[in-house]
Amino acid sequence: MTRPIHLCIAALALCGALLACAAPANRPAPTDAQILDADRVIALLADTRSQRPLLAAAQAGGYALIGQDRLDALDLRMLTFRMPPGVTGPEAIRFLETADPASTVGVNHAYRPVAMPSAPGTDYAADLLGWPEPGCRARAPVGMIDTAVDPGAPSLSAARITARSFTQGPAAPARHGTEVAAVLANPRLLNGVAIHSAAVVRPGETGDAAGADAIIRAMDWLGGSGVSLVNISLAGPFNKLLDRALRASADRGMVVVAAIGNDGPDAAPLYPAAFPDALAVTAVDAGGRIWRRANRGAHVDFAAPGVDVLVGADGEEHFVSGTSIAAPFVTARILADPALARLRSAGAMRAAMQDRTQDLGQPGWDSTYGAGLPSLYGACPG
């Protein structure tokens, strides 16, 4: 049940798409709705010394430096520029990467929550995963990159929550992040859980979304806070800035569990789930059948309850569907097992968990269910 090796994506300075990289044929060009702050371009650099040629070229080309971030936990620097009038994203990327070929320059793609209300069902998730009562002790702190959570929600009363916002202006608590946190804090699954909640989603004309820049800042904060396991229930297009940041965090021992997306079986891969350094989670119903709206592909790792799942948020219990709500069940499974929680690479965790799964669909790994359900079936691991 080995996941196929991801194709290596080569970064090319003279790419004609907004992604500014070589793209597989099934990766569509981003639409305007997939890009936030369309007048801006962002650069990631390895150290402060390499800023000099880039800043000199930017100034000569009429680019205005409007933001600088020290990402010490990732050992990166992030510079945000406002592009001159009439300059497009691909033109800006070519210009700045030519000035500093070691930098990674890209636009700010949008990443959106992938869950929705659903019809009433049954409280089946813990039983489907073979979770023992009354739940297991969380073996490590966990990070969440999502909407802001409501720390006063009754469903989060047993959790220790440390929150920080990476949005422009205060981040108001939202149902999506609170639902994801409610899965992690559900005493039927885990007790003693400590959640580091990074709020990255902001409202916009095309709907609530997080920029790649906010996700990168959140990853840096979590890495600096000693968090090595992070749940991301957001999905969007390929972004080479996010790719570089995720590789940097993986090099430092961080593992990301991500929702695979709700665009359907024929959709192109969504990210960050499709990055090699992420564990991609799809959604199944109470009978272990795939959710009709779940993405599929060579990057699927595991399946988890994600159809008509009972969650608590906003002071009430309700039912939710989506790969967003499936991802935290896999994250919780990792937190419950000291042998998994101590691992510091997605590859090692993927291999270890494949021996702890209930196979679904075709025998062995498949592009619909991945390796299957990461079940407990028995007492909490010692």
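Calculation notes
- Residues numbered from 1 in each chain as written.
- Predicted model: local features only at pLDDT ≥ 70, side-chain atom pairs only at ≥ 80, totals over all residues.
- Heavy atoms only, no water.
- Helix = DSSP H or I, 4+ residues; strand = E, 2+ residues; numbered from the N terminus.
- Rg over C-alpha atoms; globule rule 2.2 N^0.38 Å.
- Buried < 20%, exposed > 50% of the residue type's maximum accessible area, 1.4 Å probe, protein only.
- 1 Å grid on protein atoms, 1.4 Å probe; cavity = no way out; pocket = protein on both sides within 12 Å on 5 of 7 lines; lining within 4 Å.
- Points joined across faces, edges and corners; volume = space filled by probe spheres on them.
- Nonpolar A, V, L, I, M, F, W, Y, C, P; charged D, E, K, R; others polar.
- Core = buried A, V, L, I, M, F, W, Y, C linked by side-chain atoms within 4.5 Å.
- Contact = heavy atoms within 4.5 Å.
- Disulfide = S-S within 2.5 Å.
- Pairing = 2+ DSSP bridges.
- Axes fitted to C-alpha atoms, helices over the stretch in contact; angles between N-to-C directions.
- Salt bridge = Lys/Arg side-chain N within 4 Å of Asp/Glu carboxyl O.

Visitor: I'm lost on the overall build of the chain in this one. Help?
Guide: Along the backbone of the chain there are nine helices and 23 strands. Radius of gyration (C-alpha) of the chain: 20 Å, near the 21 Å computed for a compact globule of 382 residues. Along the first, second and third principal axes, the C-alpha atoms of the chain reach 65 × 45 × 35 Å. Counting all 382 residues of the chain, 58% fall into the buried class.

Visitor: When you look at the layout of surface pockets in this model, what are you seeing that I'm missing?
Guide: A probe matching the size of a water molecule, rolled over the atoms, marks out where space remains unfilled. Approximately 370 Å³ is the volume found for the second largest pocket. Of the residues forming the lining of the second largest pocket, the biggest block, four residues, is contributed by strand 20 (residues 309-313). Of the residues contributing to the lining of the second largest pocket, the split by class is 12 nonpolar, four polar and five charged.

Visitor: Help me out: how do you make sense of unusual backbone geometry in this one?
Guide: Note: most peptide bonds trans; most residues except glycine with negative phi. A cis geometry characterises the amide bond from Glu133 onward to Pro134, with omega recorded as 5°. With respect to the helices and strands, the residue Pro134 is situated in the loop between helix 3 (125-128) and strand 8 (136-137). The backbone phi angle of Asp75 is positive, close to 60°, even though this residue is not glycine. Within the fold, Asp75 resides in the loop between strand 3 (64-71) and strand 4 (76-82). Of the residues examined, Asp75 reaches a relative accessible area of 43% and is grouped as partly exposed. At Tyr377, a position not held by glycine, the phi torsion is positive, near 45°. With respect to the secondary-structure elements, Tyr377 resides in the segment after strand 23 (373-374).

Visitor: Sorry if this is basic, but what is going on with the nonpolar core here?
Guide: Where a protein is soluble and globular, its nonpolar side chains tend to be buried together. With 66 residues, the main nonpolar core has Trp131, Ile195, Leu279 and Ile334 as its most contacted residues. Residue contributions to this core peak at eight residues, all from helix 7 (residues 323-335). Leaving out residues up to four positions away in the same chain, Trp131 has contacts with Ala126, Cys136, Arg188, Leu189, Leu190, Ala332, Arg333, Ala336 and Leu376.

Visitor: In this structure, what is going on with empty space enclosed by the protein? I would like to understand it.
Guide: On inspection of all chains with the given rule, the structure shows two cavities of 30 Å³ or more. Estimated volume of the largest cavity: approximately 50 Å³. Looking at the lining of the largest cavity, the elements with two or more residues in it are helix 7 and helix 8 (338-341). By residue class, the composition of the lining of the largest cavity is 10 nonpolar, one polar and one charged.

Visitor: Mind showing me how you'd approach the state of the cysteines here?
Guide: Joining two cysteines, a disulfide is a covalent bond between their sulfur atoms. Overall, the coordinates contain one disulfide when judged by the stated rule. Through a disulfide, Cys136 is tied to Cys380; the S-S separation comes to 2.1 Å. The S-S bond linking Cys136 to Cys380 shows a torsion near -90°; that makes this disulfide left-handed. Note that Cys136 is positioned in strand 8 and Cys380 in the segment after strand 23, a separation of 244 residues in sequence.

Visitor: So what exactly am I meant to see when it comes to the sheet that holds strand 17 (residues 255-259) here?
Guide: Two strands in a sheet stick together by hydrogen bonds in their backbones, pointing the same way (parallel) or opposite ways (antiparallel). On the basis of which strands lie adjacent, the open sheet formed by seven strands has the order 10-12-9-15-17-18-19 and parallel pairing. Among the strands making up the open sheet, the edge pair consists of strand 10 (160-165) and strand 19 (302-305). Sheet twist, expressed as the average angle between the axes of neighbouring strands with direction ignored, equals 25°. Looking at chain direction, strand 17 and strand 18 (residues 278-284) are connected through four bridges and run parallel.

Visitor: What should I look at first to understand the sheet that holds strand 2 (residues 40-45) in this one?
Guide: Strand order in the open sheet made by the four strands is 3-4-2-5, with antiparallel pairing throughout. Strand pairing shows two members of the sheet lacking a second neighbour, strand 3 and strand 5 (104-106), which therefore form its edges. The average undirected angle you get between the axes of adjacent strands in this sheet is 20°. The pairing of strand 2 with strand 5 spans three bridges and is classified as antiparallel. Across the sheet, Ala43 pairs through a bridge with Val105, a residue of strand 5. Packed on one face of the sheet, helix 2 (residues 89-99) meets strand 2, strand 4 and strand 5 and runs near 165° to strand 5. Each of strand 2, strand 3 and strand 4 is contacted by helix 5 (residues 212-224), which is oriented at about 25° to strand 3, the strand it contacts most.

Visitor: Can you help me understand the pattern of salt bridges in this one?
Guide: When the charged atoms of two side chains with opposite charge come close together, those side chains can pair. Overall, the coordinates contain 16 salt bridges when judged by the stated rule. The closest approach of N and O atoms between Asp72 and Arg77, which form a salt bridge, is 3.5 Å. On the basis of relative accessible area, Asp72 is assigned to the partly exposed category, the value being 48%. Salt-bridge contacts for Arg333 lead to Asp337; the nearest nitrogen and oxygen are separated by 3.4 Å. On the basis of relative accessible area, Asp337 is assigned to the buried category, the value being 5%.

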